[in-house]
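So you can see what is in the structure, the chains are spelled out below.
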Amino acid sequence: MSNRGSHGGAGRGGRGGRRSDQSSSGHGGRGGAPVSRGRGRGNVGPGDLTATQVPVSAGRGRGVVLTGDPTASQVASSSKATVSVASSSSKEGSKVSSTTESSNAAAALSKLEITPAETKPEDTLPPESSKAVTHQLRPGRGTVGRKITVRANHFLVQVADRDLYHYDVSISPEVISKAVNRNVMKVLAKTYKDSHLAGKTPAYDGRKSIYTAGALPFESKVFVVNLTEKRADGSFGKDRQFKVAIKLASRPDLYQLQQFLRHKQRDAPYDVIQVLDVALRDTPSQYYVSVGRSFFSTGFGQGDLGDGIEYYRGYFQSLRLTQMGLSLNIDVSARSFYEPILVTDFISKFLNIRDLSRPLRDSDRLKVKKVLRTLKVTLVHWNNEKSAKISGISSCPISQLRFTLEDKSEKTVIQYFAEKYNYRVRYTSLPAIQTGSDARPVYIPMELCKIAKDQRYTKRLNERQVTALLRATCQRPAQRESSIKDLVVENNYNADDVSKEFGMSVTSQLASIEARVLPPPLLKYHESGREKMVNPSLGQWNMINKKMVNGATVKSWTCVTFATRIDQHLPVEFCKQLTEMCVSKGMQFNIQPIIPLISYPPQSIEEALHDIYKRAPGLQLLIVILPDVSGSYGKIKRICETELGIVSQCCQPRQVVKLNKQYMENVALKINVKTGGRNTVLNDAIRRNIPLITDRPTIIMGADVTHPQPGEDSSPSIAAVVASMDWPEITKYRGLVSAQAHREEIIQYLYKLVQDPERGLVHSGLIREHFIAFRKAMGQIPHRIIFYRDGVSEGQFNQVLLHEMNAIRKACNSLQEHYAPRVTFVIVQKRHHTRLFPAQHGNRDMTDRSGNILPGTVVDTQICHPNEFDFYLNSHAGIQGTSRPAHYHVLLDENGFSADALQTLTNNLCYTYARCTKAVSIVPPAYYAHLAAFRARYYMESEFSDGGSSRSRNTTSGGPVASQLPAVKDNVKEVMFYC
């Protein structure tokens, strides 16, 4: 069961208080997400403020807010900043003088230095327990936009009153396999249902818990279960005996669920949800392959992905707490599995080799070892009656393998199989499959091992396989909705014995929900263009008759080509047309390169880049035509951005030869932002008409953490944080990256104290560096932070909020004592299974060209959290398949956004993405953080394809993780190099 919107033990936060434009006397209550009640926060911080301010909240204040023109001296008198998640109301009687004239304030600000506060012992204490974390309550529903009705793949669940019981289960001897555990409990329930279980049908989670509707006639009991093994051919083998101890653990209370859904209880009863979720999953878990919250079977459909891998179709299901009550979220799904074939056939497909009579190369042998390890195989020479688990493969061909018998004589593995099983090994040059331990290995010929069915392939799919999977599973909205309906009918939840015993019934109709279509923002382009404004239609527009609002100036550039299969004169023509495109779109671009265009063989990339660096000092832009064969993109970016300090634009040779105007226009957009320009800005930003953004200096940040692919156990995770540097336009985002512990989700380097040999403890971190850059660019520091955090699962909400907000507080306080800007902390989620469908498929007033719901569709009603501040936003136009809306969950909001204000801001920002003239599916700062994190991964890996699939080099652990990530040069990190 997911921890969606999980709550700790803290009570409801106050909703009272005054707006920031009201009198500052007394306490200002805040309906936010307090973790602790710290000391007063006082002033927001220095900056150029006008005497009249836009209200920052609708009825929720947070103590004293600057309403006049603060001087530098006022900053020093503010109360000490807390470093917990919660901001607290200011001390009673705190007031701010607003008599200083604007000019004096600006003068004082210009002299203001950002100095680190003295480090005190309490600043280094660990944060409080996450049990105290509460999330932001919903400030009301949005009203902006055209009202429509959509359908969602959520199905209402009704629950009758039942007494629920939770029992701990212990099976001995202990078994790792969930399937075996389920078989044991299935036999137990069947054998003892009437005699010892009082006729109850328990729901089992596959591990340590069973749940019943009504009490069992004991508190503790041990059962003996005889499980008969079923062979692959359908016959039965010997019995295995298990002892199963069942002991009463707890009594989840359905009344708490009722109270929560009636808004009479703050904490969600997740123990109750767990019981009901397990009950709904009990029956399918016995018949299908269970992977996380999804079920798969060849009965739902299957297909070939190539290289010995296939896919199974299936479905996802999860019980959710929503405004309409309990909801079962159901969606179609697909996963990759190993083909159940002989290992020799798998190797032939996996390595794409037909002749298995030759020994494998060392590199191929290592690949095979990695992909086969831990797989279960059935043994052909035992008529597939026996199975074994692969622990490795031999380092030499099977023909060279020998072992010692009890009489001290030696025998080859080939001799053993000839004598024991009368079998002549066919592929003597292949390694042998190793089962058992390294101390007592057992070797079996590969041709006698067959991969057992239903084993999930967890490695990274290559580009061809991803394309095949997407092509096979891509469904238009109408088709996907129909598939989901068919699944619900086929599953027939209401006829299931376990579901009926727990009193659950599931409706067969998708939920019809209220939604709104937000209007697109007006976008500003340069005054010299024929079209100075654009009003996007269906989430997209074009650059015809428009010029970039701030074209960059490029005086020093050149081009290098590593492609050998294109005409030698083509790069010159390509660069000529590309520079002309840049100029036509508003850039100041020197038509002549600083040095003539150069051609190098792909084997000399490093030499070429260093040569250009020496010959063209002060180079602003390097255009790179990539080699014909993929694999060099990462190396080029690493050398340019971390060694030489060169901003580069890579181009695929297959695109270069086309001389396509649309392609060049897209490249020009990227070049402009990489060299310091802006493509477009929100007209409301220019007019200072964005609530809670343009009235006071505000920084919008995006953060993401990317993890190494499965199997890379030593590679670090990469964190990236981007931050806007151009208030109020908010289009230029500076990017910083850092490496951290393997698969660590919480960003570790937002704030750090580093030991310097000469200066002692020194403040550092990504937040601090961004704020110093903002101060340098804008002449003032932010009063507000809007923090969009990507990549966080619901179970990690509390941890991430607690630790990362704690780091933000410390970083701000280290810049200037008492400096505590207000924070709005928003989680951005794309990996969820909620899909929205138009109420009428094919109705042009309700769909875009792809048949999906319209761009700007926002939902904050029935399927959203019962009381927390979240919403689904489909900001983009669909291309193929069914669009996935982004889910935004506000964990903390000290700025007091209304639902309309935050939804409109988020939707409008999606139109400012620099790399295309389309609205994107997630808010750009989160998107940019994702790009920056993936760019940093290139710095650490040795081999890549330009499409993104990669094979990591072995990064051994032992030293500090951060030292493994090369630093981006200062001049590069000042621009949007990751675009």
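What you see is a predicted model; the values in this text were computed from it and never measured. (Residues numbered from 1 in each chain as written. Predicted model: local features only at pLDDT ≥ 70, side-chain atom pairs only at ≥ 80, totals over all residues. Heavy atoms only, no water.)

Asker: I keep staring at the overall build of the protein and nothing clicks. Help me out?
Answerer: When helices and strands are tallied, the protein shows 22 helices and 42 strands. Counting the 979 residues in the protein, one finds 56% classified as buried. Here the analysis covers contacts within the protein between residues at least 6 apart in sequence; of these, 74% occur between residues at least 24 apart. For the protein, the accessible area works out to roughly 41300 Å², and carbon and sulfur atoms hold 47% of it. (Helix = DSSP H or I, 4+ residues; strand = E, 2+ residues; numbered from the N terminus. Buried < 20%, exposed > 50% of the residue type's maximum accessible area, 1.4 Å probe, protein only. Contact = heavy atoms within 4.5 Å. Areas by Shrake-Rupley, 256 points an atom, 1.4 Å probe, with all protein chains shown as cover.)

Asker: What am I meant to see in the nonpolar core here?
Answerer: Side chains that are nonpolar tend, in soluble globular proteins, to be buried together. Counting residues in each nonpolar core, the largest one holds 89 residues, and the members touching the most others are Tyr788, Tyr888, Leu902, Leu909, Tyr928 and Tyr978. Top element by residues in this core is helix H21 (residues 924–940). It accounts for nine residues. (Core = buried A, V, L, I, M, F, W, Y, C linked by side-chain atoms within 4.5 Å.)

Asker: For this particular structure, what's the right way to read a negative patch on the surface?
Answerer: Together, Asp161, Asp163, Asp253 and Asp271 make up a region of like negative charge exposed at the surface. Within the secondary structure, Asp163 sits in the loop between strand E2 (154–159) and strand E3 (164–172). Relative accessible area serves as the criterion here: at 49%, Asp163 is assigned to the partly exposed category. (Patch = residues over 30% accessible without salt bridge, like charges linked within 9 Å, V, L, I, M, F, W, Y side chains within 5 Å. Salt bridge = Lys/Arg side-chain N within 4 Å of Asp/Glu carboxyl O. Lys, Arg positive; Asp, Glu negative; His and termini not counted. Charge placed at Lys NZ, Arg CZ, Asp CG, Glu CD.)

Asker: Which parts of the structure should I look at to understand the side chain of Asp496?
Answerer: Counting through the fold element by element, Asp496 comes out in the loop between helix H10 (477–491) and helix H11 (497–501). Buried charged residue Asp496 carries no salt bridge. Nearest counter-charge: Lys500, at 8.7 Å. Side-chain polar atoms of Asp496 contact the backbone nitrogen of Val498, separated by 3.3 Å. With residues up to four places along the chain from it excluded, the contact list for Asp496 reads Ala279 and Thr283. (Polar contact = N/O pair within 3.5 Å; in protein donor to acceptor, adjacent residues only side chain to side chain.)

Asker: Just checking my understanding: could you explain the sheet that holds strand E28 (residues 648–651) for this structure?
Answerer: Sheet strands pair via backbone hydrogen bonds, and the direction of the pair is either parallel or antiparallel. If you trace the four strands from one edge of the open sheet to the other, you get E26-E24-E27-E28, paired in parallel fashion. Strands with a single pairing partner mark the edges of an open sheet, and in this sheet they are strand E26 (598–599) and E28. Judged from the five bridges that link them, strand E24 (residues 557–561) and strand E27 (residues 621–625) form a sheet pairing that is parallel. By the bridge assignment, Thr561 is partnered in E27 with Ile625. On the sheet, helix H14 (residues 633–644) packs against E27 and E28 and is oriented at approximately 170 degrees with respect to E28. (Pairing = 2+ DSSP bridges. Axes fitted to C-alpha atoms, helices over the stretch in contact; angles between N-to-C directions.)

Asker: Could you clarify how one ought to interpret the packing of helix H13 (residues 605–615) against H14 in this entry?
Answerer: Two measures define how a pair of helices packs: the angle their axes make with one another and the distance between the axes. Contact pair H13 / H14: the axes reach a minimum separation of 10 Å and the direction vectors enclose 35 degrees. For H13 against H14, the interelement crossing comes out right-handed. Residue-level contacts link Ile605, Glu606, Leu609, His610 and Tyr613 of H13 to Lys635, Ile636, Ile639, Cys640, Glu643 and Leu644 of H14. Its residues placed into classes, the contact of H13 with H14 shows seven nonpolar, one polar and three charged. (Left-handed = near helix turned anticlockwise from the far one by under 90°. Nonpolar A, V, L, I, M, F, W, Y, C, P; charged D, E, K, R; others polar.)

Asker: Which parts of the structure should I look at to understand the environment of Phe218?
Answerer: Within the secondary structure, Phe218 sits in the loop between strand E5 (209–213) and strand E6 (220–230). The class for Phe218 is buried, based on a relative accessible area of 13%. Sequence-distant contacts of Phe218, defined by excluding residues within four places in its chain, comprise Tyr167, His196, Leu197, Phe223 and Ile246.

Asker: Explain the pairing of strand E11 (residues 325–338) here, please?
Answerer: If a strand is regular, its side chains alternate between the two faces of the sheet. Burial analysis of E11 places 13 of its 14 residues in the buried class, which makes it a mostly covered element. Looking at chain direction, E2 and E11 are connected through three bridges and run antiparallel. Looking across to E11, one finds that Phe155 is bridged to Leu328. Relative to E11, strand E10 (residues 309–322) is paired through 14 bridges, and the arrangement is antiparallel. Within the sheet, the bridge partner assigned to Leu319 lies in E11 and is Leu328. Between the antiparallel neighbours E10 and E11 lie two residues.

Asker: Quick question: what am I supposed to make of unusual backbone geometry here?
Answerer: Trans is the common state for peptide bonds, and a negative phi is the common state for residues other than glycine. Looking along the chain, the bond that leaves Ser172 and enters Pro173 is cis, with omega of 0 degrees. Looking at the secondary structure, you find Pro173 in the loop between E3 and helix H3 (178–192). With a phi angle near 65 degrees, His263 is a residue other than glycine that sits in the positive phi range. Take His263: it is sitting in the loop between helix H4 (254–261) and helix H5 (270–287). Phi at Leu659 takes a positive value of approximately 50 degrees, unusual for a residue other than glycine.

Asker: Could you clarify how one ought to interpret the side chain of Lys524 in this entry?
Answerer: Counting through the fold element by element, Lys524 comes out in strand E21 (residues 523–524). The exposure class of Lys524 is buried, given its relative accessible area of 12%. A distance of 2.8 Å separates polar atoms of two side chains, one belonging to Lys524 and the other to Glu527.

Asker: Would you explain the sheet that holds strand E19 (residues 504–506) in this entry?
Answerer: Spatial ordering of the open sheet is given by E8-E9-E10-E11-E2-E19, a layout of six strands whose pairing is antiparallel. Every interior strand has two partners, whereas the edge strands, strand E8 (289–291) and E19, have only one. Pairwise comparison of adjacent strand axes, ignoring direction, gives a mean angle of 45 degrees for this sheet. Here E2 runs beside E19; their pairing, made up of three bridges, is antiparallel. Across the sheet, the residue bridging to Val159 is Met504, located in E19. Lying over the sheet, H10 contacts E2, strand E9 (294–306), E10 and E11, oriented at roughly 100 degrees with respect to E11.

Asker: I tried to follow the pattern of salt bridges on my own but got confused; where do I start?
Answerer: Between side chains of opposite charge, a pair can form when the charged atoms approach closely. Applying the stated rule across the entire model yields 33 salt bridges. Between Asp860 and Arg516 there is a salt bridge whose closest N-O contact spans 3.4 Å. A residue pair is termed long-range when its members are at least 10 positions apart, and Asp860 in the loop between strand E38 (857–859) and strand E39 (870–874) and Arg516 in strand E20 (residues 511–517) qualify at 344 residues. Across the pair, exposure class does not vary: Asp860 and Arg516 are buried alike. Notably, a salt bridge pairs Arg734 with Glu769, separated by 3.3 Å at the nearest N-O pair. You can see Arg734 sitting in strand E32 (residues 733–740) and its partner Glu769 sitting in helix H18 (residues 766–778), a full 35 residues away along the chain. On the basis of relative accessible area, Arg734 is assigned to the buried category, the value being 4%. One network of salt bridges, in which partners are shared, links Arg734, Glu769, Asp970, Lys973 and Glu974.

Asker: Even after reading the chapter, I still don't get the confidence of the model for the protein, so can you show me in this structure?
Answerer: Parts of the model with low pLDDT should not have their predicted coordinates read in detail. A residue-level look at the protein finds 83% of positions with pLDDT of 70 or above and a mean pLDDT of 85. Across residues 1–130, confidence stays below pLDDT 50; counting only partners more than four residues off in sequence or on other chains, it has 325 contacts. When the criterion is pLDDT under 50, residues 942–963 qualifies, and its contacts beyond four places in sequence or with other chains add up to 54 contacts. (pLDDT = per-residue confidence, 0-100.)

Asker: Looking at this structure, how should I read the packing of H14 against H21?
Answerer: Between H14 and H21, the shortest axis-to-axis distance is 8 Å and the interhelical angle comes to 95 degrees. What the angle tells us is that H14 and H21 run roughly perpendicular. Contacts from Tyr633, Gly634, Lys637, Arg638, Glu641 and Thr642 of H14 reach H21 at Arg935, Tyr938 and Tyr939. (Parallel < 35°, antiparallel > 145°, perpendicular 65-115°, else oblique.)

Asker: Help me understand the environment of Arg141 in this model?
Answerer: Mapping Arg141 onto the fold places it in the loop between helix H2 (102–111) and strand E1 (146–152). The spacing of Arg141 and Phe869 is 728 residues in sequence and 9.2 Å in space, taken between C-alpha atoms. Setting aside its immediate chain neighbours within four residues, Arg141 contacts Gln323, Asp860, Thr861 and Ala899.

Asker: Explain the packing of aromatic side chains to me, please; I cannot follow it from the model alone.
Answerer: The geometry of an aromatic ring pair is captured by the separation of the ring centres together with the interplanar angle, meaning the angle of the planes. All told, the structure shown has 29 aromatic pairs when counted by the stated rule. Relative to Tyr421, the ring of Phe417 has its centre 5.4 Å away and its plane inclined at 35 degrees; by these criteria the two rings are tilted. Here Phe417 and its partner Tyr421 are both found in helix H8 (residues 413–421), four residues apart, which amounts to about one turn of the helix. According to the relative accessible area criterion, Tyr421 is partly exposed, its value standing at 25%. The rings of Tyr733, Tyr913, Tyr927, Tyr928, Phe977 and Tyr978 are connected pair by pair, giving a single aromatic cluster. Between the NZ or CZ atom of Arg688 and the centre of the ring of Trp727, over which it lies, the distance is 4.7 Å. Across the ring face of Tyr749, the terminal group of Lys752 is positioned such that the distance to the ring centre comes to 5.6 Å. (Phe/Tyr/Trp six-rings, centres within 6.5 Å; stacked < 30°, edge-to-face > 60°. Lys NZ or Arg CZ within 6 Å of the ring centre and 35° of its normal.)

Asker: Just to check I follow, could you spell out H18 for this structure?
Answerer: In this model, H18 (13 residues) spans 18 Å end to end at C-alpha, consistent with the 18 Å of a helix rising 1.5 Å per residue. Three or more residues of H18 are buried, namely Leu766, Ile767, Arg768, His770, Phe771, Ala773, Phe774 and Arg775. One or two steps after H18, the chain reaches Gly779, where phi turns positive at roughly 80 degrees. (Expected span 1.5 Å × (residues − 1).)

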